[in-house]
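Commentary on secondary and tertiary structure
Chain by chain, the residues:
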Amino acid sequence: IDSVARNGISFTHAYSVASWTVPASMTWFTGVFPSEHRMVNKFALYTPNEQKPAKLSELAPSLTTLAAVLKKNGYATGGVPRHPRGRGGGAGGGGAAHKHKHNPPLKSLDENKSRKFFLFLHGYDCHGQYAPADGYDFRFVEKGYDRRYTGSEIEQETLREEGLANGRLTLRDADVKFWRAIYDEKIQRADARFKQFLDSFEKLGVSDRTLFVLTSDHGTEVFEHRRVDHGYTLYDEQLHVPLIVKLPGRSEGRSVPHRVSSIDVMPTILDLLDVDAAGVKDQFRGVSLVPAFDGPAPNRDCFSETDYREYTFKRSIISPDGWKLIATLEKKQRELYDLNADSGEQRDLSENDPRRADELEARMYAHFKRIGHDLAARRWEPGLNPVYPSQGKKK
C-alpha cells in the first residue's frame, strides 16, 4: 500500500462520511450523503413481524450510481465483495496468486482487458468479523502473553456487544496490546494479498491505462475510546481513512494534507475518466479532487454520520482548521475536539469553549437541513436494526 502511495496522490487527511460499511460504501457509488441515499442500515424496516432489507432502488430511486454511469459509457463493470465470514476474502478476492480460473477479479479482468473496465474490490481482511482461514501466527503478539484471548470472531463480537451495552470495556493492558497486535497482523496479511493482486494484475499488460483508487470505507477502534469494532462512534479512528489515487503514466507521488471527504470519490473518478455524466453531476455533494493533485485542495467542512443499528444516531463536522464537533442526537449531547492538539480526541472541550461548539453545531445543522434532513425536526429514538443474525435474537 505504501508503494502505491509513493507513486500516487495520497490524501493524508481523508475522512469517510460514515463509520461502517453500508452507509459509507454507498456514498462512493452515489456521491451523496447517507441521509440522502438512505442506505443507513441493513434493513429499511425491522420489526418483530416484518423485516425489509434496504435497497437503493427503493429508498432513493432517483439516484444514479457510478457503475451505471460507467456502463452507459461503454465500460464493463463488476464487483468482488467479500463477506466478513467468507474465507479467503480481501483485495485478492480469494488469493491473487492463484490461477485466474480460481480468482474472480483476475478472471474478470483477463476476459475484459481489451475493453474499458471498472472493477470494485472490497476486502474484509482487517474486519473484526474475520479471521485468517489458516489461523493467526501471532507475529506481533508479545512473548509471554497468557492467551486470555485468541483473536477469534466470537471473542471480537462478544467484546463489541459488551462495549455497546456497558458504554466501555474493561481490559488489561496486555489484552489491549494483544488485540492491537492481531489487528496489525490482519493489516500486514491484507497488504501482502494486495501485492499479490498487483503483481498478477501487472502481467495482464493494462497497467499503463488503468486508474487505481485505493481507499477504505471506515476504520476501526481498538480500545482508543475503550471499545472495539466500529459503527457506533464518529471518532477519527473510525473516520480517518486512506485515499490514494494512482494515475497511469505518472510515477511521481504527492501528499495532500488538506482535509477531504469520501463524498468526493465519485466526482473525482468521473472527472479523471472524462466520461459523459450529464444529469448525474447535479446529485453530487462532493467535488472533484483533480485540481488538488497539483494545486489547492477544497477548503470546506467535512461531515459524517451514523445511525448504526438504530442503537445510536450521531452526526459530526470537521472544520478546515481542525476543530471537530460530534453530536449524539438521541442523548442531546455534544463533544468538541481540537484535532491539531488532541488527535486522539481525549479532551472534550465543549464546556470550555461553548461559543465554538455553538458555531460548529449551527453549521452542522444547517448542512443537514440544506440537504433535506432537518435534525431538529425528528425524534431520535433508539431501536433495533441488526447487522448480524445474533443481534436480532431475543435473549
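Placed above this text is the structure.
The numbers attached to residues start from 1 for each chain and follow its sequence in the written order. The predicted nature of this model means local features are confined to residues of pLDDT at least 70 and side-chain atom pairs, given and counted, to a pLDDT of 80 or more, with totals for whole chains, interfaces and linings taken over all residues. Each side-chain value is worked out from all heavy atoms of the structure, with water and hydrogens disregarded.

Here the focus is the pairing of strand E15 (residues 333-338). Pairing between strands requires that DSSP locate at least two bridges from one strand to the other. Note on conventions: DSSP H or I runs of at least 4 residues are helices, E runs of at least 2 residues are strands, and numbering of each starts at the N terminus. Alignment of strand E14 (residues 323-328) against E15, held across six bridges, turns out to be antiparallel. Across the sheet, Lys324 pairs through a bridge with Tyr337, a residue of E15. Where E14 folds back onto E15 in an antiparallel hairpin, the turn is made up of four residues, including Lys332, whose phi is positive at roughly 55°.

Three exposure classes are used, based on accessible area relative to the maximum for each residue type with a 1.4 Å probe and protein chains only: buried under 20%, partly exposed in between, and exposed over 50%. Every buried residue belonging to helix H10 (residues 265-273) is among Val265, Met266, Pro267, Thr268, Ile269 and Leu270, and all of these are buried. In what follows, a contact means two residues having at least one pair of non-hydrogen atoms within 4.5 Å. For H10, the secondary structure elements touched by its buried residues are helix H2 (21-30), helix H5 (66-72), strand E6 (212-215), strand E10 (243-246) and strand E11 (254-261). Taken from the residues just after H10, Asp274 is the one with a positive phi, measuring 55°.

Time to look at the environment of Ile318. Counting through the fold element by element, Ile318 comes out in strand E13 (residues 314-318). For Ile318, a relative accessible area of 2% gives the class buried. Along the sequence, Ile318 and Arg300 sit 18 residues apart, while their C-alpha atoms lie 8.8 Å from each other. Among all residues touching Ile318, those that are not within four sequence positions of it are Tyr15, Asp236, Arg259, Arg300, Asp301, Cys302, Trp323, Lys324 and Leu339.

Right, let's talk about the packing of aromatic side chains for a bit. In this scheme Phe, Tyr and Trp rings, the latter by its six-membered ring, pair at centre separations within 6.5 Å, and the angle between planes marks the pair as stacked below 30 degrees, edge-to-face above 60, and tilted otherwise. Applying the stated criterion to the full structure yields 18 aromatic pairs. Linked through ring pairs, Tyr136, Phe138, Tyr145, Tyr149, Phe178 and Trp179 together constitute an aromatic cluster. Two thresholds decide whether a charge sits over a ring: the Lys NZ or Arg CZ must be within 6 Å of the ring centre and within 35 degrees of the ring normal. For the cation-ring pair, Lys314 lies above Tyr232, with the distance from its terminal atom to the ring centre recorded as 4.0 Å. In this structure, Arg315 packs its charged tip against the face of Phe368, placed 5.6 Å from the ring centre.

As summarised here, the arrangement of the four strands in space is E12-E13-E14-E15, forming an open sheet in which the pairing is antiparallel. Looking at strand neighbours, the two that pair on one side only are strand E12 (302-306) and E15, the edges of this open sheet. Taking each pair of neighbouring strands and ignoring which way they run, the sheet shows an average axis angle of 15°. Lines are fitted to the C-alpha atoms to define the axes, a helix being fitted only along its stretch in contact, and any angle between axes, read from their N-to-C directions, falls within 0 to 180 degrees. Where helix H11 (residues 354-370) meets the sheet, its contacts fall on E12, E13, E14 and E15, and the angle it forms with E14 comes to roughly 70°.

This part is about the pattern of salt bridges. What makes a salt bridge here is a side-chain nitrogen of Lys or Arg within 4 Å of a carboxyl oxygen of Asp or Glu, nothing more. Scanning all chains against the criterion turns up 32 salt bridges. Lys52 is the partner of Glu58 in a salt bridge, and the nearest nitrogen-oxygen pair spans 3.9 Å. You can call Lys52 partly exposed: its relative accessible area is 38%. Lys177 is paired through a salt bridge with Glu142; the nearest N and O atoms lie 3.8 Å apart. One end of the pair, Lys177, is in helix H8 (residues 173-202); the other, Glu142, is in the loop between strand E5 (117-122) and helix H7 (153-166), with 35 residues separating them in the sequence. Of the residues examined, Lys177 reaches a relative accessible area of 47% and is grouped as partly exposed. Each of Asp134, Asp137, Arg139, Glu185 and Arg189 takes part in a single network of salt bridges with overlapping partners.

Attention shifts here to the nonpolar core. The biggest cluster of nonpolar side chains holds 28 residues, and the ones touching the most others in it are Phe11, Leu66, Val69, Leu70, Leu243, Met266 and Leu270. Of all elements in the fold, only strand E1 (9-15), H2, H5, E10, E11 and H10 reach the threshold of two or more residues within this core. Element by element, the count of residues in this core is highest for H10, at four residues. In contact with Met266, other than residues within four places in its own chain, are Trp28, Phe29, Thr30, Gly31, Thr64, Thr65, Leu66, Val69, Val280, Gln283 and Phe284. Here, nonpolar core refers to any group of buried Ala, Val, Leu, Ile, Met, Phe, Trp, Tyr and Cys residues whose side-chain atoms link them within 4.5 Å. By size, the runner-up hydrophobic cluster in this structure holds 20 residues, among which are Ala24, Leu325, Leu329 and Trp380.

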